[in-house]
Amino acid sequence: MSLTAQSAAKAGGTAPSVKTLKNLVRGDRPYVLYAAFAVLIVAFSFASPVFFSSSNFLNIGRQTALVTIIAVGMTFVIIAGEIDLSVASTLALSGMSAALAIQQSGGNWALGAAAGLATGALVGLVNGLLTTLLAIPSFLVTLGMLGIARGIALMLTGTTPVVVNSLTFWDSFGEGAILGVPAPIVITIVVIALGAYVLHFSTFGRRVFATGGNATAARYSGINTRRTKTLAFVITGALAGLAGLILTARAHAARPDIAAGLELDVIAAVILGGTSLFGGRGAILGTVLGSLMIGVLNNGLTLMGVSSQAQLVVKGAIIIAAVAFSRRK
Amino acid sequence: MKHSIRRTVAPLSGDQPSQAPTPPAPAERLVEVSGLRKTYGTVQALRGVEFELAPGEVHALLGENGAGKSTLIKVLAGVESSDAGTLKIFGEEKSFRSPAESRAAGLAVVYQELSQVPSLTVAANIFLGREPRTAFGAVKQSEIMSRTKAFLAEYGFPLDPRAVVGDLPFAYRQMTEIAKALMSNVRVLVLDEPTSALSEGEEEVLFDAVRKVTARGVGVIYVTHRLGEVFKLSQRVTVFRDGLRVGTYPTSDMDMKSLVSAIIGPRTMAAEVADAVQGHGPKQDHVQRATGSVPALAMSGVGDQRLRGVDLEVQSGEIMGLAGVIGSGRTEILETVFGLRRPRQGQLQIHGQPFKPAGPVDAIRAGVGLVPEDRHGQGLVMDDSIERNIALPRLKPLTRLGFFSRKGAAERSHAAMKELSIKAQNRKTVVGTLSGGNQQKVVFGKWREPRCELLLLDEPTVGVDVGAREEIYGVIRQAAASGTAVLVVSSDLSELLLLCQRITIVRDGRTIRTIHRDEVDSEEALHHLVHTSSPVTPGVPS
């Protein structure tokens, strides 16, 4: 009672202009993450002469694009109080359906792109409906979907990759560039901007925060929490589909066994970015930083010549440390 | 958050005793606090307070939210340490560094938020962490059961030791918590707003239990916002304001008016407040529309699993009360109107139109608002700001092409904060950091704009201090005056008598009868009407 009132007074206020900016990067306490991020960049710059260069930064951007794109969707799902473990399988299934659609239609790349996105959205819809209508925890629903989507992807061709022969498709999602910026990075930036807009400036975004913050209070305020959660899953599924298109375009083929385990990097990026695993708080920009930080770690450690086995250990330890420091008391 | 209350301690109004009663000899004191100070950041929560507790007494501790009661309790419980001053337990100077140390010294605190394992039985909860074991380390289940049974019988607690705590109504969960404290040989029992969620019948059970405990020499510190209880139960009363002790008085020397003025201080005490606490009822009855006009809400023969025939009509501009014990179906009636329950029989009408809400979305669209019973669980997103909470029920009108109008939301919350005098730094303040009264005002703020046709209020002033309570009554009356129909559920019968023109008695899921305010002349009369049937079967999950 009185204690909480006083701690509010203690917290004090900040100028409104700073606050607007802060809304974008709001999370539990992402400042620690910014500091850690800066320290990493400085440290790697000293440790490796190749690290601090525009070509290497583009490299990092390309490497993190997939994780960042899916993590934007995952931010919605986690803020709404749910989780999606099936994204890597969804990515693979979407890539396969895109590649098959292009192959069957004789090189219609737009049809392939639509098929990939639709497949991802459909998987998300199923996840969302099972979670909200049957009230099964999303952890279990998506754990099941992780197997189902991967299994279907493998069964489509009997585990054989599907080659894509469409120059436009390769360029649009993989190898093209605008003003020297590779297509995957351009797509990532667009996704980040749209995601930040929808989460932080739209009515739907408000519903997502309220649903994860207190589902009962949201429901009592007339918010359709089932629809809100389902939509969050659909967004994530569609973005996993988009990531599937990028991976397929880059490799000129879709492989059904691709990206296994990617969901862990995605969830790590979101949580590292200050989004609460319990829902109700988080930010897109935090997620982007979280994803970049994982990318910088991978890249920097490789440049320093650290073995991939040791990299796993270092990465894991840094993720735990960063989250431990940014925890609210 | 700024303190709106002046820090000066002005002399109290004339009809108050100016001297404290003769203090008991030092040896007789269970607790003795002197010069206690505690500062959080720049806020002085305790500015040198005195307090003492004698064996066998019920000592009421009163004050508005932020007065320092909770801080003192936290120091006693070992949750917080004081900055200066002394604390003596049985004449021995102590400084608790942990709740365990406080407990070992014989202090037990029963908080408003209960600390229980809902999936365990009453007996298992009472013995949690100190289960009797056999030589092989197995828990002696039968001993736990029999000892709990004997203990509950001895104190007259109507609880079934085998009942699963999570299935019990809140009142009985609280009873379990008190029983748990009593079982560990406490000498000082601190009850923090124990009755805030209890109905009248259950209150008496609690009071009986407290009297039995004090008869054995245990001292009870009793924190409450319900002043009526002070007179029923306590021998002495201490009032805190702004981190200082206003005074300690024998309860017999005080009356309602002097108590209220001690609590709220030299702030202008509206005549209405004085009248209100004296139980004079509504100052002016709002003109009720002529009979025969279409009621804002009409329910006829409404029934489901819990409700067995609800008939009532609420007119626009009228405040109608629903009185009944916990479990009588009061809350279920509100939930039905708000679309949270689907009736199996009967009809609902809003302004004469048939109304079948499939969920809160439909109800809100029809102009119905709900201030739910559980502010934390149902009313607010505690981690979100005032603005975000206030904007929540009507997001659509604030949206243009999917773009959320921050300006519109800011204006809406700004107006609500001003009109409801919500005391907070600004609209971005997180509601979880506000006091109970201010949180409740935020819940009311959610339904302020646009005006509701029908406002449903479930225990609108639970955990709200005296000053804020009056302000909330003002908000309710104002809503009614502007044409909103109000249906209010309250366990506090004096509150219903104060607010309502008509009161409907609910019992066993049925509306028994509707009475006019004029037909009952006292709280006792209403109490009698509510309780003429056998009390709810306690302890047994339905």
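Here, every reference points to the structure presented above.
Presented here is a report on the structure given in the accompanying data block.

The rules behind these values
Residues numbered from 1 in each chain as written. Chains lettered and ligands numbered in written order. Predicted model: local features only at pLDDT ≥ 70, side-chain atom pairs only at ≥ 80, totals over all residues. Heavy atoms only, no water. Helix = DSSP H or I, 4+ residues; strand = E, 2+ residues; numbered from the N terminus. Expected span 1.5 Å × (residues − 1). Buried < 20%, exposed > 50% of the residue type's maximum accessible area, 1.4 Å probe, protein only. Pairing = 2+ DSSP bridges. Axes fitted to C-alpha atoms, helices over the stretch in contact; angles between N-to-C directions. Contact = heavy atoms within 4.5 Å. Buried area = accessible area lost by both parts, 1.4 Å probe. Salt bridge = Lys/Arg side-chain N within 4 Å of Asp/Glu carboxyl O.

In an α-helix, one turn spans 3.6 residues, which is why side chains three or four residues apart end up on the same side. Over its 19 residues, helix α9 (residues 183–201) of chain A runs 26 Å from end to end, which matches the ideal 27 Å to within 8%, given 1.5 Å per residue. By the burial criterion, the buried members of α9 of chain A are Ala183, Pro184, Ile185, Ile187, Thr188, Val191, Ile192, Gly195, Ala196, Leu199 and His200 of chain A.

Our next topic: the sheet that holds strand β1 (residues 31–40) of chain B. Residue and element names in this part refer to chain B. Taken together, the four strands give an open sheet; going across it, the order is β2-β1-β4-β5, and neighbouring strands pair in antiparallel fashion. Looking at strand neighbours, the two that pair on one side only are β2 (43–53) and β5 (92–94), the edges of this open sheet. Neighbour-to-neighbour, the strand axes of this sheet turn through a mean angle of 30°, independent of strand direction. Relative to strand β4 (residues 84–89), β1 runs antiparallel, the two being bridged by five bridges. Directly across from Arg37, in β4, lies its bridge partner Ala84. Here helix α1 (residues 69–77) sits on the sheet and contacts β1, β2 and β4; the angle it forms with β1, its principal contact strand, is near 110°.

Take the pairing of strand β21 (residues 502–507) of chain B next. Residues and elements named next belong to chain B. Across the six residues that make up β21, a large majority, six, are buried. Every second residue of β21 is oriented toward a common face, with Arg502, Thr504 and Val506 on one face and Ile503, Ile505 and Arg507 on the other, all of them buried. When strand β13 (residues 319–323) meets β21, the two strands line up parallel, connected through four bridges. Looking at the pairing, Leu322 lines up with Thr504 of β21. Bridge count between β21 and strand β22 (residues 510–516): six bridges; the pairing is antiparallel.

Residue and element names in this part refer to chain B. Here six strands make up an open sheet; going across it, the order is β16-β19-β20-β13-β21-β22 and the pairing mixed. Single-partner strands in this sheet number two, and they are β16 (368–371) and β22. The mean angle between the axes of side-by-side strands here comes to 20°, regardless of whether they run parallel or antiparallel. Contacting β13, β19 (454–458) and β20 (485–489), helix α16 (residues 466–481) crosses the sheet at an angle of about 125° to β13.

It is worth spelling out the interface of chain B and chain A at this point. With 50 residues of chain B at the contact, the number on the chain A side is 34 residues. Between chain B and chain A, the buried area comes to about 3700 Å², and carbon and sulfur atoms account for 54% of it. One can count two salt bridges joining chain B with chain A. The salt bridge involving Asp383 of chain B is made with Arg281 of chain A; its shortest N-O contact spans 3.5 Å.

What follows deals with unusual backbone geometry. Phi at Ala259 of chain A is positive, roughly 65°, even though this residue is not glycine. Assignment of secondary structure puts Ala259 of chain A in the loop between β4 (253–254) and α13 (262–272). Positive phi, normally seen in glycine, also occurs at Ser421 of chain B, with a value near 40°. Along the chain, Ser421 of chain B turns up in the loop between α14 (406–419) and α15 (436–446). Taking relative accessible area as the criterion, Ser421 of chain B reaches 30% and is therefore assigned partly exposed.

What follows covers the pattern of salt bridges. Applying the stated criterion to the full structure yields 29 salt bridges over all chains. Close ionic contact of Arg206 of chain A with Glu387 of chain B constitutes a salt bridge, the shortest N to O distance being 3.4 Å. Residue Arg206 of chain A is found in helix α10 (residues 203–213), and its partner Glu387 of chain B is found in helix α13 (residues 386–391); the two belong to separate chains. For the pair formed by Arg206 of chain A and Glu387 of chain B, the shared burial category is buried. Across the salt bridge formed by Asp492 of chain B and Arg469 of chain B, the nearest N and O atoms sit 3.6 Å from each other. With Asp492 of chain B in the loop between β20 and α17 (493–499) and Arg469 of chain B in helix α16, the pair connects residues that are 23 residues apart, well separated along the chain. Accessibility classification places Asp492 of chain B together with Arg469 of chain B in one group, the buried group. Salt bridges sharing partners connect three or more residues here, namely Arg29, Glu32, Glu52, Glu57 and Arg236 of chain B.

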